[in-house]
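# Tertiary structure, described
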Amino acid sequence: MNDLETRAVVARPGALRRAAPALLGYAAVRALGLVVLALWSEARGKSAYTLLTARWDSLWYTRVAELGYGYEVRLPNGDVHSNLAFFPLLPWLERLVAAVSPLSYADGGFVVSLLASLAAAWGIFAVADRLYGRRAGVCAVLLWAVLPVGIVQSMAYSESLFTALAAWALYAVLTGRWVTAGLLAGLAGLTRPVGLAVVAAVWAAAVAAFLRERSGSSFVGDGSTAPAGGACGDGRAGAPPGAPRTGTPVGAPPSPHAPGVRLRRMAGMLLAPLGAAGYVLWVGDRTGGGPLGYLDVQAGWRNGFDGGYAFALFVAGRFTSFPSALAGAALVLGVALVVWLYVLCVRQRQPLPLLVYAGTVTALALCASSYFGSKPRLLMPAFPLLLPLAVALARARTRLLAAGLGAVAAASAAYGAFWLNGSGPP
């Protein structure tokens with residue numbers, strides 16, 4: 001029996017139940033990280049909660065929530081750090097939480113981050129489950145949880161919020177929900193500058209769909225697919241392991257050429273860039289710098305896009321002495337690993353929107369001239385890079401998988417506590 005039609009009706013009520021193992025596993029990893037951070041911070045005479053909510057970018061976000069835009073710091077070297085560099089969605093949500101509860105703005109940022117991290121984990125599971133099955137979805141979520149900089153997912157930063165919006169926007173594209181994808185992409189564009197990656201993914205998928213229609217194909221080749229041939233949700237039937245499952249879009253009209261589908265697709269394309277474009281243009285108008293005024297704001301923070309030149313010089317500079325050469329070698333290996341993972345994504349034949357999204361996030365992170373210690377954090381939203389590893393781990397025995405991920409989770413928790421009590425994420 002082909003269950004393509006029944007999946008849209010039956011699977012939705014059980015979606016949370018289906019994702020429960022992934023979400024419980026994710027919550028356990030994050031709880032471990034917070035406990036280790038609390039113990040480590042206590043031993044050093046520091047407050048773990050302050051580290052999570054009232055340092056670095058967290059302070060800038062809460063200041064925007066409390067006082068609005070217009071605050072800046074002028075450094076002795078002439079640089080100007082303006083809070084206009086920080087996109088508004090997280091401060092808006094912090095202000096909302098503070099307005100409807102007795103919590104402070106910093107508390108609100110922490111609550112938003114915790115809820116958004118769970119939403120991000122669910123979105124990552126939804127994408128991976130749809131393409132590669134439930135077990136791969138659980139592995140993808142756990143891999144994202146145990147990243148070395150995974151502690152940032154629990155901080156009052158915007159990474160978790162952005163990843164949640166991006167993951168669900170990509171899922172909406174995969175399921176042919178174009179208006180939803182456009183709305184989520186617009187919100188992602190109000191969260192971080194890298195929201196451009198979500199916009200690019202939506203547009204790439206939509207353009208590919210239009211081109212397929214024009215060529216007369218009966219199938220929309222944008223990744224808006226569901227398991228074919230009656231494949232079960234756990235991947236026991238249908239496409240071979242490691243290959244995305246394809247078929248008819250769930251929840252979409254029977255014909256992808258129907259005028260209504262094309263209209264919704266165009267609406268999604270128009271909605272997607274509104275958030276980022278609206279904020280950037282507003283900043284340009286406020287600063288008097290015109291459409292490129294936001295770039296001037298970022299330049300005050302010494303942020304820009306130079307194709308990776310400054311990062312390459314930074315890495316090369318690590319090889320001038322022996323102790324730092326080890327760090328340089330680690331950086332080279334880290335970049336090589338990221339590039340290798342993206343190559344695996346291409347060879348895995350991931351849907352076009354995922355490849356565009358992950359490629360854009362990676363390029364913006366590695367080729368920006370921003371503070372180099374933040375690059376692992378900037379790469380964190382690029383979760384499609386983890387899918388090849390998730391598919392491979394899904395084939396492992398459960399006991400071996402649990403032991404391996406448990407050990408990595410412990411190491412990640414220890415590193416996060418050490419990192420946050422030291423230099424930390426700027």
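Every chain is numbered on its own, with residues counted from 1 as its sequence reads. Local features in a predicted model are, by the rule used here, given only for residues with pLDDT of at least 70; side-chain atom pairs are given and counted only at 80 or more, and totals for whole chains, interfaces and linings are based on all residues. Excluded from the side-chain calculation are hydrogens and water; included are all heavy atoms of the structure.

Here a helix means four or more residues in a row that DSSP labels H or I, a strand means two or more in a row labelled E, and each is numbered from the N terminus. For the chain, the helix and strand inventory stands at 19 helices and 2 strands. Counting over 426 residues, the chain shows a buried share of 51%. Accessible surface area values rest on a Shrake-Rupley calculation with a 1.4 Å probe, where residue burial reflects the displayed protein chains alone. Carbon and sulfur atoms make up 69% of the accessible area of the chain, which totals about 18,900 Å². Any residue under 20% of the maximum accessible area for its type is buried, any over 50% is exposed, and the rest in between are partly exposed; the area is computed with a 1.4 Å probe on protein chains only.

What follows concerns the side chain of T362. Assignment of secondary structure puts T362 in helix α16 (residues 352-366). The exposure class of T362 is buried, given its relative accessible area of 10%. Each residue touching T362, except ones within four places of it in the same chain, is listed here: V338, L379, A382 and L385. The contact definition used throughout considers only heavy atoms, calling two residues in contact when any of these lie within 4.5 Å.

Right, let's talk about a nonpolar patch on the surface for a bit. Residues W40, Y415 and F418 make up a contiguous nonpolar surface patch of about 320 Å² in total accessible area. Here W40 is to be found in helix α2 (residues 15-43). Patches here are clusters of residues that have more than 30% relative accessible area and form no salt bridge, with a 9 Å joining cutoff for like charges and a 5 Å cutoff for nonpolar side chains (Val, Leu, Ile, Met, Phe, Trp, Tyr). A pairing counts as a salt bridge when a side-chain nitrogen of Lys or Arg comes within 4 Å of a carboxyl oxygen of Asp or Glu.

Working convention: axes come from line fits to C-alpha atoms, limited for helices to the stretch in contact. Angles between N-to-C directions cover 0 to 180 degrees. Two numbers describe how helix α10 (residues 195-214) lies on helix α11 (residues 259-271): the axes approach to 9 Å, and their chain directions differ by 150 degrees. Between α10 and α11, the angle is such that the two are roughly antiparallel. The two elements α10 and α11 meet at a crossing, and its hand is left-handed. Here V202, W203, A206, V207, A209, F210 and E213 of α10 come into contact with α11, specifically with R262, R265, M266, G268 and M269. We call two directions roughly parallel when the angle between them is under 35 degrees, roughly antiparallel when it is over 145, roughly perpendicular when it lies between 65 and 115, and oblique otherwise. Helix crossings fall into two classes, left-handed where the near helix is turned counterclockwise from the far one by less than a right angle and right-handed where it is turned clockwise.

This paragraph deals with the pattern of salt bridges. Enumeration according to the criterion identifies 8 salt bridges in this entry. For R302, the salt bridge goes to D79, with nearest N and O atoms at 2.7 Å. One end of the pair, R302, is in the loop between α13 (293-300) and α14 (309-317); the other, D79, is in the loop between β1 (72-74) and β2 (80-82), with 223 residues separating them in the sequence. Residue R302 is classed as exposed on the basis of its relative accessible area of 52%. Look at D79 and you get buried, because its relative accessible area is 12%.

Time to look at the packing of helix α15 (residues 322-347) against α16. Relative orientation of the contacting elements α15 and α16 amounts to 165 degrees, with a least axis distance of 11 Å. Viewed along their axes, α15 and α16 adopt a mutual orientation that is roughly antiparallel. α16 is crossed by α15, and the crossing has left-handed handedness. From α15, V335, V338, Y342, C345 and V346 reach across to α16, where they touch L355, A358, G359, T362 and L366. Taken together, the residues that form the contact of α15 with α16 break down as 8 nonpolar, 2 polar and no charged. Following the grouping adopted for this structure description, the nonpolar residues are Ala, Val, Leu, Ile, Met, Phe, Trp, Tyr, Cys and Pro, the charged ones are Asp, Glu, Lys and Arg, and the polar ones are all others, Gly among them.

Examined against the element boundaries, V207 turns out to sit in helix α10. Sequence separation between V207 and M266 is 59 residues; the distance between their C-alpha atoms is 9.6 Å.

By size, the foremost hydrophobic cluster in this structure holds 111 residues, and its most contacted members are W144 and Y357. Setting aside chain neighbours within four positions, we find W144 in contact with Y26, S117, A120, A121, I124, Q153, T163, M380, F383 and L386. The nonpolar core is taken to be a set of buried Ala, Val, Leu, Ile, Met, Phe, Trp, Tyr and Cys residues, with the residues joined through side-chain atoms within 4.5 Å.

Here we come to the side chain of S113. With respect to the helices and strands, S113 occurs in helix α6 (residues 105-132). Excluding residues that lie within four positions of it along the chain, S113 makes contacts with V152, Q153, S154, M155, A156, Y157 and S160.

The length a helix should cover is 1.5 Å for every residue beyond the first. Look at helix α5 (residues 89-100): 17 Å from first C-alpha to last across 12 residues, which is about the 16 Å you get at 1.5 Å a residue. Within α5, burial applies to L89, L90, P91, E94, V97 and A98. Considering only its buried residues, α5 is in contact with α4 (57-67), α6, α8 (159-174) and α9 (178-189).

This paragraph deals with unusual backbone geometry. Not every positive phi belongs to a glycine, and W56 is a case in point at roughly 55 degrees. Inspection of the secondary structure puts W56 in the loop between α3 (48-53) and α4. Even without a glycine there, the phi angle at R302 is positive, about 60 degrees.

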